[in-house]
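# Structural description and commentary
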Amino acid sequence: MQRLFLIISCFFFQMSFAQSQTLEEDFKRTYGLWQKAMATKDFKIWDSITYSERKKEIRNKIYSEKFSYPQEVFAIPFLPPAIKDLKLLQSKANGVNGKAVFFGKVDFGVGGSPTDNLMVVSFVNQQAFWRFAGAEYVNLSGLPAVRSAIMKGDYTYLNGSDFQPAPVRIKNTISLTGPVQIIAKAYVYCPGRSVQAIVNGKSNHFFQNAKQAEVVIGGLKKGRNEMQFRVNKLPGGQGNEPLTVRVYAMSQVKGVKPVKVYEYLVKEKGSPKPVQTAAFNIDDKVMAKLAGR
């Protein structure tokens, strides 16, 4: 019986090890193909290796800024890092979600001397194949003790939730098929608070202790538009900080400034309404401004 138990244990260990090796190989293969597609501007490879929701997100943003698809997919100011000189520290899967953590001199091809940092790549298994779903760069310059520990083989830092496989968050469910009518951006200034916003029931945004603008997915349209948002106090916030929520219509005419079409302001020590729904109108006057007239 003891011998049988040992045989079974060895079998499951070998099977687990084989699966782990396969997962590592699959993740490396997928990222390698995606990186090559980006470097060579090969849309066919990019389209086949990228997670469908990720493709939709990119296409939506391109059309929301009135750029050309798929040409704009490859219009990035840097080259995605190759992994041939990076060490794969961790590869994990949970159902259809996977995550790989690479370490080394992550080189974006923008000059300078790359230092040892982390690159975290997310994958989703679709049609029995691991697809590229996104990548994040973790700069360890401010965490020298973590960098030193990893270089010595201590990967405790990777036990954090950010390095575990999890479902890829989908912000917008719409799927644009062409350029929007009016390019727009949602702007929020919310020290000490978070703001969840949705424009025209399509474009979802989340701002946290930020001064930030994001492209409105689906843009704006001439006539009635709508802005909904919820304001929450963050831990450590005083609850009396100023708050600004705006929507800008963006012109494609050189030299024409964005047109503010919606604004909600709360001065310092004021109290914002926790939930707001407001309509705003894009009329002929606004359209003329955007056209530079």
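Residues numbered from 1 in each chain as written. Predicted model: local features only at pLDDT ≥ 70, side-chain atom pairs only at ≥ 80, totals over all residues. Heavy atoms only, no water.

## Section: the sheet that holds strand β3 (residues 116–126)
- Read across the sheet, 4 strands follow the order β1-β2-β3-β4 without closing on themselves; strand pairing throughout is antiparallel. Looking along the sheet, the strands with just one partner apiece sit at the ends: β1 (87–94) and β4 (129–138). Neighbour to neighbour, the strand axes of the sheet diverge by 20 degrees on average, direction disregarded.
- Bridge count for β3 against β4 is 9 bridges, and the pairing is antiparallel. Along β4, the bridge assignment pairs Gln126 with Phe129.
- Together, β1, β2 (97–105) and β3 form the strand contacts of helix α4 (residues 144–151), whose direction differs from that of β3 by roughly 70 degrees. (Pairing = 2+ DSSP bridges. Helix = DSSP H or I, 4+ residues; strand = E, 2+ residues; numbered from the N terminus. Axes fitted to C-alpha atoms, helices over the stretch in contact; angles between N-to-C directions. Contact = heavy atoms within 4.5 Å.)

## Digging into the packing of aromatic side chains
- Counted by the stated rule, this structure contains 14 aromatic pairs.
- Their ring planes at 40 degrees and their centres at 6.4 Å tell us that Tyr31 and Phe102 sit as a pair that is tilted. Of this pair, Tyr31 sits in helix α1 (residues 2–40) while Phe102 sits in strand β2; the two residues are 71 residues apart in sequence, bridging distant segments of the chain.
- Taking the relative accessible area as the measure of exposure, Tyr31 reaches 1% and is therefore buried.
- According to the relative accessible area criterion, Phe102 is buried, its value standing at 1%.
- Among the aromatic side chains, those forming a connected cluster through ring pairs are Tyr31, Trp34, Phe102 and Phe132.
- The ring of Tyr69 carries Arg59 above its face, with NZ or CZ at 5.8 Å from the centroid. (Phe/Tyr/Trp six-rings, centres within 6.5 Å; stacked < 30°, edge-to-face > 60°. Buried < 20%, exposed > 50% of the residue type's maximum accessible area, 1.4 Å probe, protein only. Lys NZ or Arg CZ within 6 Å of the ring centre and 35° of its normal.)

## Examining the sheet that holds strand β11 (residues 259–266)
- One open sheet accounts for 4 strands, arranged β8-β5-β10-β11; its pairing is antiparallel. The open sheet terminates on both sides in strands that have one partner only, identified here as β8 (211–215) and β11. Ignoring which end each strand starts from, the neighbouring axes of this sheet average 15 degrees apart.

## Points about unusual backbone geometry
- Cis geometry marks the peptide bond from Tyr69 to Pro70, where omega comes out at 15 degrees.
- Unlike most non-glycine residues, Asn209 shows phi in positive territory, near 50 degrees.
- Relative to the helices and strands, Asn209 resides in the loop between β7 (203–208) and β8.
- Positive phi is not limited to glycine here, since Lys269 has a value of about 75 degrees.
- Secondary-structure assignment places Lys269 in the loop between β11 and β12 (275–282).
- Taking the relative accessible area as the measure of exposure, Lys269 reaches 68% and is therefore exposed.

## As for the pattern of salt bridges
- In the structure shown here, the tally under the stated rule is 12 salt bridges.
- Residue Asp85 is joined to Lys84 by a salt bridge in which the shortest nitrogen-to-oxygen separation is 3.0 Å. This pair shows no difference in class: Asp85 is exposed, exactly as Lys84 is.
- Because the salt bridges share partners, they merge into one network encompassing Arg246, Lys260 and Glu263. (Salt bridge = Lys/Arg side-chain N within 4 Å of Asp/Glu carboxyl O.)

## What about the environment of Gly239?
- As for its position among the elements, Gly239 is in the loop between β9 (223–233) and β10 (243–250).
- When the C-alpha positions of Gly239 and Tyr31 are compared, they lie 44 Å apart, and in sequence the two are 208 residues distant.
- Discounting chain neighbours no more than four positions away, the residues touching Gly239 are Arg193, Lys233 and Gly270.

## A look at the pairing of strand β5 (residues 183–189)
- Taken across its 7 residues, β5 has 5 buried, putting it largely inside the fold.
- Bridge count for β5 against β8 is 5 bridges, and the pairing is antiparallel. Looking at β8, one finds that Ala186 is bridged to Glu214.

## Some thoughts on the side chain of Gln90
- Structurally, Gln90 is set in strand β1.
- With a relative accessible area of 12%, Gln90 lands in the buried category.
- Side-chain polar atoms of Gln90 contact the backbone oxygen of Phe163, separated by 3.2 Å.
- Once residues lying within four places of it in the same chain are set aside, the contact partners of Gln90 are Lys99, Ala100, Val101, Leu158, Phe163 and Gln164. (Polar contact = N/O pair within 3.5 Å; in protein donor to acceptor, adjacent residues only side chain to side chain.)

## Brief notes about the environment of Tyr137
- Positionally, Tyr137 belongs in strand β4.
- You can call Tyr137 partly exposed: its relative accessible area is 36%.
- A C-alpha to C-alpha distance of 22 Å links Tyr137 and Val96, two positions 41 residues apart in sequence.
- Here Tyr137 is in contact with Val106, Phe108, Asn117 and Leu118, once residues within four sequence places are set aside.

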